[in-house]
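# Structural overview
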Amino acid sequence: MSEKAIAKAEEIVKSKTAEVNMGVGVALSLIDHEGYPTTSTLSISKADGIRQITFGVSLDSNKAKRAKANSHASVCIFDDDYAGGAYYNITLVGDIEVVTDAQMKKDTWYEGLEAHFSEGADDPNYCVLKFTTKRYNLWVDMEEDGTTGSF
């Protein structure tokens, strides 16, 4: 396991959070009711390195319904701008849960969600998807081979 690669991946993930870079979408894959993976893009609310990532969504959304039905999920954060030197691919595999705890909702709230939830973090339809990484595949530096590992 390359600590340098993990540190770089954590820096990249932090740069994609709503508090730093509002509106940047990352890919979240969940399993649908027929057992197929479905992928959506959405903004990261907060991140604890690559170990835990949260997203703000509607409780009645397909994302929340899928997460409740099957906790297996994957997050992919990538950029293929070779010319700009920003090439990376961070693939995280783990479990996701739907959280409706009032404090967690407040902690993960960010400007921009008010367009979807009129009552702010207290909106009963607002929930948090909390993703916890079990394993990862990191390609964050063109000069190094990819790094895989698990927690």
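Whatever comes next refers back to the structure up there.
Below, the structure is looked at part by part. (Residues numbered from 1 in each chain as written. Predicted model: local features only at pLDDT ≥ 70, side-chain atom pairs only at ≥ 80, totals over all residues. Heavy atoms only, no water.)

### Observations regarding the environment of F151
The cut-off we apply is this: Only runs of H or I of at least four residues qualify as helices and only runs of E of at least two qualify as strands under DSSP, and these elements are numbered from the N terminus. A simple rule labels every residue: compare its accessible area, found with a 1.4 Å probe on the protein chains alone, to the largest value its type can have, and call it buried under 20%, exposed over 50%, or partly exposed in between. By the convention used here, residues are in contact when the closest approach between their heavy atoms is within 4.5 Å.
By the element assignment, F151 lies in the segment after strand 8 (147-150). Using a relative accessible area of 38% as the deciding quantity, one classes F151 as partly exposed. Sequence spacing of F151 and K134 is 17 residues, and the spatial spacing of their C-alpha atoms is 5.3 Å. Contact partners of F151, with chain neighbours within four places excluded, come to I50, R51, T133, K134 and Y136.

### What to know about the pattern of salt bridges
What counts, and what does not: A side-chain nitrogen of Lys or Arg and a carboxyl oxygen of Asp or Glu constitute a salt bridge if their distance falls within 4 Å.
For the structure on display, the rule yields four salt bridges. Close ionic contact of K134 with D95 constitutes a salt bridge, the shortest N to O distance being 3.4 Å. Of this pair, K134 sits in strand 7 (residues 126-139) while D95 sits in strand 6 (residues 88-99); the two residues are 39 residues apart in sequence, bridging distant segments of the chain. With a relative accessible area of 23%, D95 lands in the partly exposed category.

### So, the packing of aromatic side chains
Filter applied, for reference: Classification of ring pairs rests on two measures: the distance between centres of Phe, Tyr or Trp rings, Trp counted by its six-membered ring, which must be within 6.5 Å, and the angle between planes, read as stacked under 30 degrees, edge-to-face over 60 and tilted in between.
A full pass over the atoms with the stated rule returns three aromatic pairs. The interplanar angle of 90° and the centroid separation of 5.1 Å between the aromatic rings of W109 and Y126 together place this pair among those described as edge-to-face. Of the two residues, W109 is situated in the loop between helix 3 (102-108) and strand 7 and Y126 in strand 7; the sequence distance between them amounts to 17 residues. For Y126, a relative accessible area of 0% corresponds to the buried category. Through pairs of rings, three or more aromatic residues link up here, namely W109, F117 and Y126.

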